[in-house]
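Chains, contacts and geometry: an overview
Here is how the chains run, residue by residue.
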Number of protein chains: 2
Amino acid sequence: MSIKKKYSTVRGLFERHAAGESPAGFNVSLAGWVRTVRQSKEVGFLELNDGSCQKNIQVVFGQEILDCPPANGSAVEVRGTVAVSENPNAKAPLEVNAESVTILGSADADYPISKKRHGFEYLRTVAHLRGRTNTFSAVFRLRSVLTFAIHEYLQKNGFVCVAAPCITSNDGEGAGEVVRATTLDLRNVPKNPDGSVDFTKELLGGGRFLTVTGQLNVEPFCAVFRDVYTFGPCFRAENSNTARHAVEFWQVEPEMAFADLEDVMDCIEGLTKHMIMSALKYGADELAFFDAQIEPGLVRKLENTVNEPYARVTYADALDILKKSGEKFIMPVRWGGFQTEWEKYLAEKAFGRPVFVTDYPREEKAFYMRQNDDGATVSAADLMFPGIGEVVGASAREERLDRLLARMGETGLRPEDYWWYLDLRRYGTFPHGGFGLGVERMMMFVTGMGNIRDVIPYPRTPGHAEF
Amino acid sequence: MSIKKKYSTVRGLFERHAAGESPAGFNVSLAGWVRTVRQSKEVGFLELNDGSCQKNIQVVFGQEILDCPPANGSAVEVRGTVAVSENPNAKAPLEVNAESVTILGSADADYPISKKRHGFEYLRTVAHLRGRTNTFSAVFRLRSVLTFAIHEYLQKNGFVCVAAPCITSNDGEGAGEVVRATTLDLRNVPKNPDGSVDFTKELLGGGRFLTVTGQLNVEPFCAVFRDVYTFGPCFRAENSNTARHAVEFWQVEPEMAFADLEDVMDCIEGLTKHMIMSALKYGADELAFFDAQIEPGLVRKLENTVNEPYARVTYADALDILKKSGEKFIMPVRWGGFQTEWEKYLAEKAFGRPVFVTDYPREEKAFYMRQNDDGATVSAADLMFPGIGEVVGASAREERLDRLLARMGETGLRPEDYWWYLDLRRYGTFPHGGFGLGVERMMMFVTGMGNIRDVIPYPRTPGHAEF
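Let me sum up the structure you'll find in this document. (Residues numbered from 1 in each chain as written. Chains lettered and ligands numbered in written order. Predicted model: local features only at pLDDT ≥ 70, side-chain atom pairs only at ≥ 80, totals over all residues. Heavy atoms only, no water.)

Structural notes on the packing of aromatic side chains
So the rule is basically this: Two rings belonging to Phe, Tyr or Trp (six-membered ring only in the last case) form a pair when the distance between their centres is within 6.5 Å. Interplanar angles under 30 degrees mark stacking, angles over 60 mark edge-to-face geometry, and anything in between is tilted. A run of H or I in DSSP becomes a helix once it reaches four residues, and a run of E becomes a strand once it reaches two; helices and strands are each numbered from the N terminus. The buried label applies to any residue whose accessible area, calculated with a 1.4 Å probe on protein chains only, is under 20% of its type's maximum; exposed applies above 50%, and partly exposed to all values in between. For a ring to carry a charge above it, either NZ of a lysine or CZ of an arginine must fall within 6 Å of the ring centroid while also lying within 35 degrees of the normal to the ring plane.
If you walk through the whole model with that rule in mind, you get 59 aromatic pairs over all chains. Here F467 of chain A and W419 of chain B contribute two aromatic rings whose centre-to-centre distance is 5.6 Å and whose plane-to-plane angle is 55°, an arrangement assigned as tilted. With F467 of chain A in the segment after α12 (439-447) and W419 of chain B in helix α11 (residues 419-426), this pair bridges two chains. Given a relative accessible area of 6%, F467 of chain A falls into the buried group. Looking at W419 of chain B, the relative accessible area reads 37%, which means it is partly exposed. Above the ring of F14 of chain A, the side-chain terminus of K55 of chain A is found at 5.3 Å from the ring centroid.

Re helix α7 (residues 298-307) of chain B
Residue and element names in this part refer to chain B. Stated precisely, the cut-off is as follows: Arc definition: it is the arc formed by the directions from the helix axis to the C-beta atoms. Note on definitions: a residue-residue contact is assigned when non-hydrogen atoms from the two residues lie within 4.5 Å.
Listed as buried for α7 are L298, K301, L302, T305 and V306. The buried residues of α7 occupy one face: seen down the axis, they fall within an arc of 130°. Turned more than 90 degrees from where α7 packs its buried face, R300 and N307 sit exposed. Among the structural elements, α5 (261-282), α6 (284-293) and α12 (439-447) are those in contact with the buried residues of α7.

Focus on the pattern of salt bridges
Our working definition: Counted as salt bridges are all cases of a side-chain nitrogen of Lys or Arg within 4 Å of a carboxyl oxygen of Asp or Glu.
Per the stated rule, a full pass over the model turns up 57 salt bridges over all chains. With its nearest N and O atoms 3.0 Å apart, the salt bridge here joins E269 of chain A to K273 of chain A. Of the two residues, E269 of chain A and K273 of chain A are both situated in helix α5 (residues 261-282); the distance of 4 residues between them amounts to about one turn of the helix. One exposure class covers both E269 of chain A and K273 of chain A, and it is buried. Here E21 of chain B makes a salt bridge to R16 of chain B, at a shortest N to O gap of 3.6 Å. Relative accessible area serves as the criterion here: at 45%, E21 of chain B is assigned to the partly exposed category. Owing to a relative accessible area of 35%, R16 of chain B belongs among the partly exposed residues under this scheme.

A few points about the interface of chain A and chain B
Selection criterion: Buried area: the accessible surface (1.4 Å probe) lost by two parts on joining, summed over both.
Contact residues are listed per partner, giving 119 residues for chain A and 119 residues for chain B. With both sides pooled, the region where chain A packs onto chain B buries about 9600 Å², and carbon together with sulfur makes up 63% of that total. Of all residues in chain A, L186, F258 and Y427 of chain A give up the largest surface area on contact with chain B, accounting jointly for 9% of the area buried on that side. Here chain A is connected to chain B by 6 salt bridges.

Some thoughts on the sheet that holds strand β3 (residues 57-62) of chain B
Residues and elements named next belong to chain B. As a reminder of what qualifies: Pairing between strands is defined by DSSP: at least two bridges between them are needed. With axes taken as lines fitted to C-alpha atoms, and helix axes fitted only over the stretch in contact, angles between N-to-C directions fall between 0 and 180 degrees.
With mixed pairing, the 5 strands of this closed barrel are ordered in space as β1-β2-β3-β5-β4. Along the sheet, successive strands turn relative to each other by an average axial angle of 55°, direction set aside. In terms of strand pairing, strand β2 (residues 43-49) meets β3 through 6 bridges, oriented antiparallel. Bridge pairing in β3 links G44 to F61.

Observations regarding the side chain of Q155 of chain B
Relative to the assigned elements, Q155 of chain B resides in helix α3 (residues 134-156). For Q155 of chain B, the contacting residues outside a window of four places in its chain are S144 and F148 of chain A together with C161 and Y229 of chain B.

And the structure:
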């Protein structure tokens, strides 16, 4: 009964061929989707993609087989014989001489993906179909490669995966706008006599939000498993339409016990290099496509990234470099916030490779970051990638209860809202640190795609949550 | 500077010992948390857990080292010499003769985890600390093993991971209550003149929900990658306080192109067996704990599960078996909904192993399931596990546009709300199918834990979203 067992895959044929066991002469059945059709008087060619790999296989069919060739986008079954392509310029070394082509599912004439090149903005309006283009099949296969590489690297290094909750009662870093999770009827929100919302009617009890970070929730599991990580969706409701921000994004947040900032940076460097090496190894066809179509020199950039150590520079030294650079910046260089333009200059021009900037002014950073002895900076590091800017934010965490409480007081956070987080400092506190790495930023670096909307299957940005 | 490099891990010492390279006589530094302390006149014993494995290591210290031993829950650094334990009944073969014990972080006297055995209900109120008990460190390490096993099995079998969105504009199967995602001010929800909610003020545009299933969003990617999966949090706002339901849970949803229900069941069987084999391989200490403390016979049950083929029976035949069983059921056995008590009887008594029930009455199932030729049933399968009931729901998907539209009409769904889902049937439709597997249900089968709240790090259930 199995349908699956009836069919060979294109990937399987190419792999066999690459391994020297040519499948030429094999009788095969393939099933997939028509990308393009060309027809001359007696013979037709259709480019078939069966989803098993980035490459299409060319199917050659005589007029006797098909009066009316299938439209682009149709699903077809092809039976025939494998041959080595006679065309030396063929993109793929194999083709199939069809004995039959059966249309399993035709495509209506208004199929939104035509042969011509579409703009990325248009393709976002057909997010359910854009994966059928070369660009987006390459994007989303690489996303899968990077996703697995994250789990693989961390698990092989002894990290335990802990699922932080999406629905939370704290708003994480206290920074930025949050999305609320509610089961209340918006047409008729129950109120208390004083006009405030009656949260006792809320299914989950109290005011609830979608998490902006899983970090606070994973820190307690450091005291259970030493090295842990959470990996899932995070949410920021910033009403900013930039190419770098989305309301919903995926973040991996490792956290390490008995570790300092140097240990954390070593882990970041190991993880990001493993992700890039996995892309080079399992996404070679996809990266070749991006190198040719999107970012010339991409593959060499990625190879250089894994082969060189990342630079490490303190915030103070970074300011000196920027000041002495002679470069004109929109924001004059001075102690305080770190500008995206500065980040890019450092990674692209000053170092020409990924660079960690460490020991930021404490006013610029979150309350939980470990205070340095100088009283002015915290033990934090951001990793900047050329062309992208910040990809990772890291820090040692403040494990000393008195200092943590003092910093919370300065920033206006109420200790009672963080009682369980503070408990960690009351019961066996320990030096630890961790980081957050956004999958989408890494995807932009690895593919050269310039807009975060084009590396998320169904992007959620201001005004947009279709599909 | 690195703190991490200063310390050996307990796991490393045990692994070395197991490999026959005894670390006896080694000078080591360890860092971890005190689980218990015993002290006699001249010598004390402290059970140290450093998070690297389930097992503690015993630290033996003389009175000259510590006047006042560290309290339970403290973080300590131990320096000393490894010795083979002289106690033949010791749980672990190695111990450390301490030369120094340094308290890195003491534990306040009100440390909520005492030596005595706590009830699981109490421990839920200290979810940030319960991982430090033997039970919950075993639970959550196994959860990590199962999580990675899911990715590993699917990736090795060519599945591409596609991140379905959490925030969505459709309510999935149209079943059950949903959690709303909103950025509107609940104290003052903007309204239209007719009293309806003015969703134009919503950051994400329109009414938005948290996803109940990623299936509809991954189906389009079958036409891109053939075999795909999404794996992330899903949400159901049912106001039911059972041991089997949580508002937020993790689900893996694979979807296969050019596949029928038999292919889907083969994949489910392969995946669930791989998960259990991974638990047996990487969680042996944890499973031994559950076998001794929670569910006697657990390990044998798991071994049997991977060694035998799962049973497969049609719904109609299952009803016959139930009718002929002579068993008294609360709900009399008849065509219609399938009761949890029937599920359990089938898996536990009739078959004594996991069983697929297939070809359900179509009224009982979701609109997208493929209609069988008999006009009465759909090509769906639920997998029942002994002691748990349904763990997986699967089906072939209705790929025929006319039948899908007819079924949507019968169930009151508006085609315009599903325009993009229907597009798949307009542009190259193809036979496909898939399933949803809840991580928590599998966790309950693998650990023997009886309540879903005890297999989720921070459970979200009616009234509860603390931490």
